[in-house]
Structures are given as C-alpha cells and as structure tokens.
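Observations on the three-dimensional arrangement
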Amino acid sequence: MSDFLGLMRSRIPQDCLAAECKDAGCSASLDDLEADWLLLDLDCDALDLVAVTHADFILVTSGRTIACIELKGGTLKGAKRQLQASADYASQHVASNEQILSFHPILVHEEEFSPARVREWARRKITFRGERFAIERIPCGGRLADVVS
Amino acid sequence: MSSEEREPKVELEVKDFGPIAEAKVELRPLTVFVGPSNTGKSYLAILMYALQVALAAKLDPSHRVTRIIELESERPRAEQPDDLRIQPAVVELAIEWLQQLETDSSDVGQAFATPVPDLLSSTVRQVIATEEETGQSFARELGRCFGVGETLDRLVRSDGLGQARAILRFRYATDTSDEDYLQYALTFGNGDVALDSSLSEQFRVLEATPSSISLVMATQFLRMRLSRADDEEHEVIARTFVDELAAAAVGHSIGALGKPAYYLPADRSGVMDAHNVVISALVDQAVEGGIRRQRDLPLLSGVLADFLRELISMGKSPEREGSPNKELAVRLEADLLGGAVRHEVGETRAPLIEFVQGGDMGPIPLMRASSMVSELAPVVLYLRHLVDPGETLIIEEPESHLHPAAQAKFASLLARLVNSGVRVVVTTHSNWFVDQLANLVRMSELDPDDRTDIPGHEAALDREIVGVWRFAEDSDGEGSTVTEIDFDPDGVGYEPGYFGIANAQYDVWTKINNRIANGKLK
C-alpha cells in the first residue's frame, strides 16, 4: 500500500471501510481500478454524518484520486447537494493538507438522463478545492473504472 | 355505422425488405417513423406510398370509367378467355340485376342498398381473391417508386433468404378479433413476384356499393349497353359488372388506402431550388431527340419524379378555396415563413415559384430564399392545391433546415392537418418534433376549455390516432426491426431512443470538463 493510501486509512475508522459499492438497490463495480484503493462508507455510524446530506461513498486511490459516489436507484433528488457535501468532507477531513491529483463526483443511477435532463445536469457542478467539476454518471451495475482514471 | 367506424384498421407488415428484417406497423391518421439513418424508415414510407398509389390508381373513378368506355370501341367477344369466364348462372343473375335497376343515379344507389345475391357476392369475392392486376400494379409501382424498374430483387434485404414480403392487412376498427377481412401479401425476390389476396368471411361486398361513384356510372353505362346487346355479349357485360362490383367492394373496404397519396421526399428543398434546371434538361433532351444521340440522363426514383410532376402540374389544380388545408397553408406562411409562396405557370408552362417576404421586398426566387423557405414551400403548395381530407401526405424529415422552434411549430401544424382529416406519415430524426407531438397528445387529456391558454392548444391530438414507431438496427446485425413507442405520460411522452446519444454526449462533456478542472488541481 502506498504511503498516501496508508495515511488516508489512518484517518478513517476501520469499521467504515467497505468492500462493495452498493446502496439503494444500485451498485457500482470496483473491478479494474488501476491503482490500490480504499472505499469509505459515509453511512457508517462511526463517522456520525447525516446520511441525507452526504453521498454514499468516498473512493480514495493510491494515485491521489478521490471520487465521491452517490448511488440512486430511483429519484435523483438531492444528489447534487449530497455530492457537494461529500466533496467538502473529503477535502477538509479525509484528504486535508494532502495534494489530490484527480477528483470525480460520480452519480450511479438506474435510468438514463433524458436529453432535457442532460442539459440540467450539465449545469450542476461540484466545487472541490476551488475548481468546478461536472457530475460524472455511470449506470447502476457499471464500472467505476470507466470514469475514475 | 358511422364513417369513422367504417375506416378500417390497416397494418403493414414487411420481412427482409431493404434494410428491414421485420416490421409490423399499424397505419394511423398520424404515423411517425423515428430512428437512426439506414434503418429503413424511408423504405417503409415509400412502400406505403407505392402500394397506395397502385390501389388508388386502380380505384380511380376515371380509370374505372375508361375501362368501361373501352368496351364501346370494339364489339365484346362472345368467347371470353378461360380465366375471365364466369358461371352461366352468374351471368344470368348479373344481367337480371342490371335490368332491374332504374336509370337515374340515385335509384341506382338505392338499388345497390339491397343485398347482393349470394351467388353474385361469392363470384365478386372470387374475382378479388384471384385477379392478377393488383399484384402487377403493386410490383410496377414498387419498382417505379424505388427507381429499380423491374428488378425488385434489389429491394430484398441482402442477408435475407432471397425473398422479401410485404403484407397489407385490413380489419374492421370495431372488431376485437384478430381476423383480417382482406389481406394482400406480396412476395418478391429471386426474379419472381407473387401476390396472394385473401378475404375472410367478414369481408362485406354488400356495403360496398352505394357510395361508389364509379360503380354507379359504370352501371348506367352497362345498362345502356345491355339495352342493345345480343345474348353473346351478356357474358362480357356481366363479367364487367362483376369486376366493377369487386373494385367498389375493395375501394370501400380499404378506406384511405384507396385514396390519393402525396410524397414529399427528403431532398425536396434542393429540388425546389433546382426544379427549373431539371425541367430545362428534360426539355433539352426532348428537343434533341431524333437530331442527336440521346444522352443518358440518370433515372429519378418514382417519388422524386412524382414530386417534380406535381410541381410542374400544380398550376392545373385550382386552389382549395375555403378548405381547412388552404387555411393551414396560410397559417404556415404566416407563422413560419413570414411571407407568401407564389406559384405561377411561366411561358414555357414550367412553374415559377417565388417567395414574397413581408415588408417592401419584392418576390425572390426560392434559390435566394432561406433553406427553410425551400423546405416548406412545397408543403404550402401541396396544401393549397392538392391534398384533400381523407388523402395521405407523406413527409420525409419535416425537421430539415428548420430551427428547433420552427420544428415544434411545424409539428403542431401537421397535427392540425391530421385533425382536419388528412392522414400524415412522417419520417424523422428530430427529438424536438417528437417531443412536440408528445405535448399535443398529452394536451388532449385536458378538457378543451382548460387548455386554451396553452400554446398549440388547437392542435391537440388524441392518443389513439397517433402511432410512433422506433426503427433500430438489430444488435446482431440482422437488419433493423421496428417497434411501437408507447406513450408514457409520466415520462417524456414518446422516447425515440435518443437518451443514449444524449448521455454519451454528456459523458464526454463531463470527461473534458473534469480533465480541465483536474489539470488546475495539480
């Protein structure tokens, strides 16, 4: 394990590490991620976060990548707010004072966006360390490796 | 039975036709084909046109009457070819029936309201089921409309089994059973063409007759002929009468499919700009004939040739004064074009089509007008001069050269055309167009008084009269297939399968955006 990933692990309650990215009847595959990784379950009691205002997971890789992941089996309501809260948490707590090379806010969802919804979501940006990121999407059952580089 | 109830349900089924592996489409007052290129939308639209042109020509009153009048030019042969012979009892019955009819047209109509004797009725059914002319005209129109002449093999799907099949099915709209009362199944390929016509017990010969103008005229003529015919001619007259009864029965049974259809091809705007050049070339060719060797001019497909012919002969068709379609043409000019389309017949009888923009500008030729004007000018002219309620207008890609807002307006106008009784068939790639139709269908669920403030309220469409069909390439590369898109009131109405494209574009957008943002993080 890299020094960076070791440091990240030391900052996270061990009970909150997850092996599967799964929630609300939806999941994302962790297969084929290029680097070592750890997955933080933000619903974990030890973190004491309010679930409705946070995304479901934060993925950290040895390549200094952070991905906030929200899984939605049904309505997408609140997803932007949850991803933003988790981006802030990742920046200020998980990776505070550490350089991050790559950030990805990811929405894992069941139904495809309609063309009209695409335009709406293209405007919904997540701010991470002063930069504005578009919300990347993969379908339920899709691979995180497709968007996390 | 009301006229609406009489309008049959019509279904067109094809197999291994062009790029289409298989399709089964119910033709509704508004039929929309949507999907990627090369999946067969135009193939199916042209097929519909070809079949309808063949049927309408066969049933055209002037064609029917001409056939009868040709009887006059030569003494009918006492000896009929075997395939045209009918039983002596049928001859006797037909002649007896003809003799009983009164001479004036209203009485003839009244006379036909009485039941056709069973023997005569069964002979009519047999004639419809066995006559070969319909198959020949289907094949001829198919070859002509696709520009392949007699080589219909070129319309067979290349990976198919060497034969294509097109089946037209007719069923009573009020009938809940799956039984077709009339079916034409055309099979072609491997150098052969065959038509199998079949009728069920439900096919009604009786109801065919009172409304058929050509039958009434033919009957009057045959009665006159009968008055001076000898016994030898009776069989010919009886056979002709049976033929006319058969044509009238078919005409009544196929509803709108027996009426004229008009086709506006996708390349209409280019033709509008260049029609005078094309006409000049044709004239040039005609003038040179016999003097110089004829140059090989490329052949036009039938749909394009018909379009050009309509443009050229447009001046002969008076404007439909007071018709709802002319009103819609005016609306189209005002709402979308911002000016008027002017059509005159020039000195060479070639049409002079110009656009007169609002304001002080004088008329300008279409080639100098915007592409939208060239696109919509033929629609204006067709509505003004040609298309009547009950007839069919087929428009390829109505969205071409139109801004999305104009596409939505045009969709509303076509919806109004449908509501005025014109049957419309559209092939499209446009999400804007389909979304507008979805709005109009959803709007019909509101009480008319509750929708007067909603844009396009006068174009609301009943869901039952709209059919939107998605063409898609089979995932195994086995040709395209066609499925109806169900209207989803809780979603986007009609989902034409463009979500994948929108999402793929979104994914690329986010990848680019985030790569730029990540570059700044570093």
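Each helix and strand counted, chain B has 16 helices and 14 strands in total. Taken over 522 residues, chain B has a buried fraction of 52%. Accessible surface, chain B as shown: approximately 24,200 Å² in total, 51% of it carbon and sulfur.

Below, the discussion takes up the sheet that holds strand E9 (residues 136-139) of chain A. Residue and element names in this part refer to chain A. Spatially, 5 strands are ordered E3-E4-E5-E6-E9 in an open sheet, and the strand pairing comes out mixed. Unpaired on one side and paired on the other, strand E3 (37-41) and E9 mark the two borders of the sheet. For this sheet, the mean inter-axis angle between neighbouring strands, taken without regard to orientation, is 25°. Pairing geometry for E3 and strand E4 (residues 57-61), over 5 bridges, is antiparallel. Counterpart to Trp-37 in the pairing with E4 is Thr-61. Together, E3 and E4 form the strand contacts of helix H1 (residues 3-10), whose direction differs from that of E4 by roughly 150°.

Here the idea is simple: oppositely charged side chains can pair when their charged atoms come close. Counted according to the given criterion, the structure contains 28 salt bridges over all chains. Ionic pairing is found between A:Glu120 and A:Arg124, a salt bridge with its closest N-O pair at 2.8 Å. Residue A:Arg124 is classed as partly exposed on the basis of its relative accessible area, which comes to 28%. Across the pair B:Glu458 and B:Arg416 runs a salt bridge, and its minimum N-O distance is 3.7 Å. With B:Glu458 in the loop between helix H15 (431-443) and strand E13 (466-473) and B:Arg416 in helix H14 (residues 404-419), this pair connects stretches of sequence that are 42 residues apart. Among the ionic contacts, a cluster of salt bridges with common partners joins B:Glu11, B:Glu13, B:Arg169, B:Arg171 and B:Asp180.

On to the packing of aromatic side chains, then. Within this structure, the stated rule accounts for 18 aromatic pairs over all chains. With a centroid separation of 5.4 Å and 70° between ring planes, the pair formed by A:Phe113 and B:Tyr506 is classed as edge-to-face. Taken together, the residues A:Phe113 in the loop between strand E6 (102-109) and helix H3 (115-122) and B:Tyr506 in helix H16 (residues 499-521) connect one chain to another. Since its relative accessible area comes to 2%, B:Tyr506 is described here as buried. Between the aromatic rings of B:Phe138 and B:Tyr184, the centroid separation amounts to 5.6 Å while the plane-to-plane angle is 85°, which identifies the pairing as edge-to-face. Placement of the pair is B:Phe138 in helix H7 (residues 133-145) and B:Tyr184 in strand E5 (residues 182-189), with a sequence separation of 46 residues.

Right, let's talk about the interface of chain A and chain B for a bit. Contacts between the two partners involve 25 residues from chain A, matched on the other side by 19 residues from chain B. Taking both partners together, chain A and chain B bury about 1,900 Å²; carbon and sulfur atoms supply 55% of that area. Three residues, A:Pro115, A:Glu131 and A:Arg137, lead the burial of chain A against chain B; their summed loss comes to 25% of the area buried on that side. The salt bridge involving A:Arg137 is made with B:Asp507; its shortest N-O contact spans 2.8 Å. Our count for the chain A to chain B interface comes out at 8 residue pairs in polar contact (both at pLDDT 80 or more). Those elements giving two or more residues to the side of chain A that touches chain B turn out to be E6, H3, strand E7 (125-128), strand E8 (131-134) and E9 of chain A. Each residue belonging to the side of chain A that touches chain B can be placed in one class, and the counts come to 13 nonpolar, 4 polar and 8 charged.

Attention now moves to the side chain of A:Ser91. The residue A:Ser91 is located in helix H2 (residues 79-94) in this model. In this view, A:Ser91 contacts A:Ser96, A:Phe128 and A:Arg129; residues no more than four positions away in its chain are not counted.

Rules behind the numbers
Residues numbered from 1 in each chain as written. Chains lettered and ligands numbered in written order. Predicted model: local features only at pLDDT ≥ 70, side-chain atom pairs only at ≥ 80, totals over all residues. Heavy atoms only, no water. Helix = DSSP H or I, 4+ residues; strand = E, 2+ residues; numbered from the N terminus. Buried < 20%, exposed > 50% of the residue type's maximum accessible area, 1.4 Å probe, protein only. Areas by Shrake-Rupley, 256 points an atom, 1.4 Å probe, with all protein chains shown as cover. Pairing = 2+ DSSP bridges. Axes fitted to C-alpha atoms, helices over the stretch in contact; angles between N-to-C directions. Contact = heavy atoms within 4.5 Å. Salt bridge = Lys/Arg side-chain N within 4 Å of Asp/Glu carboxyl O. Phe/Tyr/Trp six-rings, centres within 6.5 Å; stacked < 30°, edge-to-face > 60°. Buried area = accessible area lost by both parts, 1.4 Å probe. Polar contact = N/O pair within 3.5 Å; in protein donor to acceptor, adjacent residues only side chain to side chain. Nonpolar A, V, L, I, M, F, W, Y, C, P; charged D, E, K, R; others polar.

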